[in-house]
Amino acid sequence: MCGIFGVINKKIDKALADKCIDRMAHRGPDGRGLWQEGGTTLGHRRLAILDLSDSGAQPMIYEGSKGENSRYVLSFNGEIFNFLEIREELKKKGYVFRSDSDSEVILAAFIEWKEKCLNKFNGMWAFLIWDRKEERLFAARDRFGVKPLFYTYLNEEKDNGGDGVSLAFGSEMKVITPLMKEIRANRSIVTDPGRIVYYESTGECVIEGIQRFPAGCYAYADKKGLKIERWWNTLDNLISLPPSYEEQVVMFRELFLDACKLRMRSDVTIGTALSGGLDSSATICAMAHLAKEDCDVRMNKDWQHAYVATFPGTTMDESEYAKKVTDHLNINSSFITIDPLKAIDKLDDFIYIFEDVYLTSPIPMMLLYGALREDNTLVTIDGHGADELFGGYTFDFINALKDARGREEKDMVLDAYIGSFPKDGSNISLKNTSKSAVELNFLKRRIKDRLRSTKEGYKRVRAAEDERYKQMDSLNKILYASSHETILPTLLRNYDRYSMASGVEIRMPFMDYRIVTLAMSLGWKSKLHGGYSKSIVRDAMAPFMPKEIAYRRTKIGFNTPIVEWMQGPLKEYFTDITASSDFRECDLIDPEQTAAKVRAVIDDPGATFAMGEIAFSSLYPYLWQKNVLNRL
């Protein structure tokens, strides 16, 4: 897990290369590397997770046989979790390995299978391989874009004296901006809060001239330019499932346990960011079960570390549920009290590292993963992805009503929906909890959404014309878009930034490609079975968990208690911002409207979470201009 940098067909001096590489020092605090030859530069910042010795350092040149010694150079960010199995396969073909790292396995696999090696990898990655003989770069990104990769054209062929196209690549935008002639905001994204969860799965970025390398794709790049090819499409990989729900539960359980086992391979301490919700609780309980089995030679036995973000006195606090899990496992918890006053002076730096725009403050997440680093827990195995894949959000799974036939099926959906809201009325937009009222509200929203979607082209599902998408049930259509085009790509980006800001690696067993393909192949009734959201996850993992957690219906989620903060400890901070001259002069916002939204939250005792989110996202372009654009 690291940060990568590359330039082809353009000589840059060492000092400039060092500047680019060290802009992502937070991603790799354990080492740095630079390799230059002719017009090619590869750089690396290292977070040492597998093979902590110098043998795992990068950029790495393969020296292992097959007559290809020293031909290929790698700069890699990520983890290949099944590297042991691939290494054994390659050894039988005559390959020799000088390290215990997954990086060297990538190089050998590429030599043996070229781009088809990607199909063998189970993991998360973005990497660059330079072919010194062909003078050609191979770039690739994992199936779902868990690890980031950006690129920019430094010049066109005509601008380079006919010597060809120059390109730069980096794990973050700030890594390649020192090579650019000018840095401008992409106003269409930065100034429109409505697009916040819609651009991450596209090539568009918040900085003009920088493009996002697409997930599930590879490319060859040389003096002629960059040719990107798609190698993974989930719709090409849907699977046949056992007919009975009980068999499906067993299948999911086996896959999930194996996904967790692979992700427990580490040469450093591992832990879990535990919320007390179903997904992170299922993950740490799976780890506890696997640790008893002692079933993998590289499994780290030092896994009993749970980190819980607490928000005392707010509706966002779930620490009591997290404690039920750690008590059940008989392990200690580290409760991290999120105090905004202790972090507000770090917010500018947090936003600079984050680079993008979002709905809420990054403070809680940055502080949580910072606490892991301080405790020397460098890998965390978390539950991200389950909501988007298996129907954890009420606004997603209510759409199963479109396919529900008869009272029994409709009640299955409505029981899951109504049961997901807190009974005390907190954090709730549902005022009338009768089933007839919920159905009526759903029908009204469908009509409004249909009218709105014709005006907002960016909300159209890009997979909508694919026949396999058309054959999905209504809930899976929603979940496919959520997990591949909107919410999940955005959250994967966010958690990469939150954790790597402190040099901490997040591993996500729900993002194992076998789990994703199962989820997208699973009908809606297996996701809402018995009137529970994410029912297959609950029923599969309940034997390893406290029952009150496995079947806890209400959901809060890990978020910022922005209303309580704006009305309480950060009231002066937000008031001062909206009164400042640079806020009033920021051309990425409407200062009067934005200040009014902030003031509405501060002054209204009944302000909702949605109001706080709108106010903060309206303010974010100003914070982004101040801390990202101006600093770059």
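Figured I'd write up the structure that's included with this text.

What counts, and where the lines are drawn
- Residues numbered from 1 in each chain as written.
- Predicted model: local features only at pLDDT ≥ 70, side-chain atom pairs only at ≥ 80, totals over all residues.
- Heavy atoms only, no water.
- Pairing = 2+ DSSP bridges.
- Helix = DSSP H or I, 4+ residues; strand = E, 2+ residues; numbered from the N terminus.
- Phe/Tyr/Trp six-rings, centres within 6.5 Å; stacked < 30°, edge-to-face > 60°.
- Lys NZ or Arg CZ within 6 Å of the ring centre and 35° of its normal.
- Salt bridge = Lys/Arg side-chain N within 4 Å of Asp/Glu carboxyl O.
- Buried < 20%, exposed > 50% of the residue type's maximum accessible area, 1.4 Å probe, protein only.
- Polar contact = N/O pair within 3.5 Å; in protein donor to acceptor, adjacent residues only side chain to side chain.
- Contact = heavy atoms within 4.5 Å.
- Axes fitted to C-alpha atoms, helices over the stretch in contact; angles between N-to-C directions.
- Parallel < 35°, antiparallel > 145°, perpendicular 65-115°, else oblique.
- Left-handed = near helix turned anticlockwise from the far one by under 90°.
- Nonpolar A, V, L, I, M, F, W, Y, C, P; charged D, E, K, R; others polar.

**Describing the pairing of strand S2 (residues 31-37)**
The sheet contact formed by S2 and strand S3 (residues 40-46) spans seven bridges and is antiparallel. Following the sheet pairing, glycine 33 is matched in S3 by histidine 44. The hairpin formed by S2 and S3 contains two residues between the paired strands, and glycine 38 there has a positive phi angle of roughly 60°.

**Some points on unusual backbone geometry**
Here the bond from glutamine 58 into proline 59 is cis, since omega is -5°, no more than 30 degrees from zero. Looking at the secondary structure, you find proline 59 in the loop between S3 and strand S4 (60-61). Phi at asparagine 376 is positive, roughly 65°, even though this residue is not glycine. Tracing the sequence through the fold places asparagine 376 in the loop between helix H11 (363-374) and strand S16 (379-381).

**Observations regarding the packing of aromatic side chains**
Any aromatic ring pair is given by two values, namely how distant the centres are and how the planes are angled relative to each other. Inspection of every chain in the model, using the stated rule, returns 34 aromatic pairs. Ring plane angle 45° and centroid distance 6.1 Å describe the contact between phenylalanine 127 and phenylalanine 138, whose orientation is recorded as tilted. Within this pair, whereas phenylalanine 127 is found in strand S6 (residues 123-131), its partner phenylalanine 138 is found in strand S7 (residues 136-141), the two being separated by 11 residues in sequence. In this structure an aromatic cluster arises from ring pairing among Tyr72, Phe76, Phe110, Phe127, Phe138, Tyr218 and Tyr220. Lying over the aromatic face of tyrosine 513, arginine 143 brings its terminal NZ or CZ to 3.9 Å of the ring centre.

**Considering the pattern of salt bridges**
A side chain of one charge can pair with a side chain of the opposite charge when the charged atoms of the two come close. According to the stated counting rule, one finds 53 salt bridges in the structure shown. Between arginine 493 and glutamate 200 there is a salt bridge, and its shortest N-O distance comes to 3.1 Å. Of the two residues, arginine 493 sits in helix H18 (residues 487-500) while glutamate 200 sits in the loop between helix H5 (187-190) and strand S10 (211-212), which places them 293 residues apart along the sequence. Among the charged side chains, a network of salt bridges with common partners joins Arg27, Lys147, Glu172, Lys174, Glu200, Arg212, Glu355, Asp356, Arg493, Asp496 and Arg497.

**Considering the side chain of glutamate 318**
Mapped onto the fold, glutamate 318 is located in the loop between strand S14 (306-310) and helix H8 (319-329). Overall, glutamate 318 belongs to the buried group, its relative accessible area being 6%. Side chain to side chain, glutamate 318 and arginine 552 meet in a polar contact 2.7 Å long. Setting aside anything within four residues of it in sequence, one finds glutamate 318 in contact with Ser275, Arg552, Ile556 and Gly557.

**Side note on the environment of proline 543**
Inspection of the secondary structure puts proline 543 in the loop between helix H20 (535-541) and helix H21 (547-550). According to the relative accessible area criterion, proline 543 is exposed, its value standing at 57%. Residues proline 543 and alanine 286, spaced 257 residues apart in sequence, show a C-alpha to C-alpha distance of 9.9 Å.

**Looking at the packing of helix H23 (residues 571-579) against helix H26 (residues 609-629)**
For the pair H23 and H26, the least separation of the axes is 12 Å and the interaxial angle reads 60°. The angle between H23 and H26 falls in the class oblique. Considering the relative orientation of H23 and H26, their crossing is left-handed. Contacts between H23 and H26 involve Tyr573, Phe574 and Ile577 on the former and, on the latter, Phe616, Leu619, Tyr622 and Leu623. When its residues are assigned to classes, the contact of H23 with H26 shows seven nonpolar, no polar and no charged.

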